[in-house]
Amino acid sequence: VSLLGILAFTAVAVPMGGAPQSDDSNTILLQGKTNGNTNTVSTASQTETNNLAELTKAAVSDLKEQFQSIDEEARKNALSIFAFSSITVTEAENPALDEALPILIQATKDKNNAVRSYAVIALHKIKSSKQEAVEVLGNSVTFETELNTATMAATALKEIGSAAAPAVPDLMQALEQRRDDGTFISAEAEQIKPNIALGTALRRAVIEALGNIGPAAQSAVPILHKLLNDTGNFSLGNRVFSAKALW
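Residues numbered from 1 in each chain as written. Predicted model: local features only at pLDDT ≥ 70, side-chain atom pairs only at ≥ 80, totals over all residues. Heavy atoms only, no water.

A. Structural detail: the overall build of the protein chain. Looking only at helices and strands, one finds 11 helices and 0 strands in the protein chain. Secondary structure elements of the protein chain occur, N-terminal to C-terminal, as α-α-α-α-α-α-α-α-α-α-α. Burial statistics for the protein chain: of 247 residues in total, 37% are counted as buried. In the protein chain, once contacts between residues fewer than 6 apart in sequence are set aside, the share between residues at least 24 apart is 66%. Carbon and sulfur atoms make up 56% of the accessible area of the protein chain, which totals about 13,900 Å². (Helix = DSSP H or I, 4+ residues; strand = E, 2+ residues; numbered from the N terminus. Buried < 20%, exposed > 50% of the residue type's maximum accessible area, 1.4 Å probe, protein only. Contact = heavy atoms within 4.5 Å. Areas by Shrake-Rupley, 256 points an atom, 1.4 Å probe, with all protein chains shown as cover.)

B. Region of interest: the packing of helix α5 (residues 113-126) against helix α7 (residues 147-160). At a closest axis distance of 9 Å, the pairing of α5 and α7 adopts a crossing angle of 15°. When the interaxial angle is binned, α5 and α7 end up roughly parallel. Where α5 crosses over α7, the two elements pack in a sense that is left-handed. Facing R116, S117, V120, I121 and H124 of α5, the residues of α7 in contact are T149, M152, A153, T155, A156 and E159. (Axes fitted to C-alpha atoms, helices over the stretch in contact; angles between N-to-C directions. Parallel < 35°, antiparallel > 145°, perpendicular 65-115°, else oblique. Left-handed = near helix turned anticlockwise from the far one by under 90°.)

C. Layout of empty space enclosed by the protein. As enumerated under the stated definition, the model contains 1 cavity of 30 Å³ or more in all. Considered as a void within the structure, the largest cavity measures approximately 50 Å³ in volume. Every residue along the wall of the largest cavity is listed here: A174, L175, R178, R179, G199, L202, R203 and V206. If you list the elements that add at least two residues to the lining of the largest cavity, you get α8 (168-177) and α9 (196-213). Among the residues making up the lining of the largest cavity, the classes are represented as 4 nonpolar, 1 polar and 3 charged. (1 Å grid on protein atoms, 1.4 Å probe; cavity = no way out; pocket = protein on both sides within 12 Å on 5 of 7 lines; lining within 4 Å. Points joined across faces, edges and corners; volume = space filled by probe spheres on them. Nonpolar A, V, L, I, M, F, W, Y, C, P; charged D, E, K, R; others polar.)

Written out as structure tokens, the structure is:
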């Protein structure tokens, strides 16, 4: 029911003089029409929800089929289409997206960088609080070699908030095992090209994620206190965001 329709209906029930008529028959008629309109809106909303669920089911089925391909381009295109589809919204808005989680979680471990990236983008949009989704995002923060993807994963955890508690160990590990430029401290880890802009963006998102998780991130407090005393070349952000997370 449009706003104009509601206004037009109200105008019929209220005389030009201003005050509504006191005729009981008009009151009953008004109530009857209002209830009818409410039922119509409710039915339309349910139909829309059902349609979204059907569209999502079909999209997930297609994604699953395409993801089985040995062709990297096919997998990449399938993940790209799904990640940027209009049906890929938050889990709260579209609960049917739960069916896509196993595929997206598997895709974050794909050997193709773009496939992993699109999978994390989709998980970021869905914002699932399910433990398996949270844990795989934490794993991406710690071990992902593409810094944009790692930062997207950390941002997703930051926005999930307290439900991202299962990722606390990975977030702590990322702060301890990555430099400000995003590279890994361990000589045994895969070496990546340093990028101070992306590396510091990743570190900020990790610290903010810990702050948003709240009391469940208590184990990270010593690391954050240590960052308060950071005197490195890019220490200002570490100090500022650590202080905010501890506040």
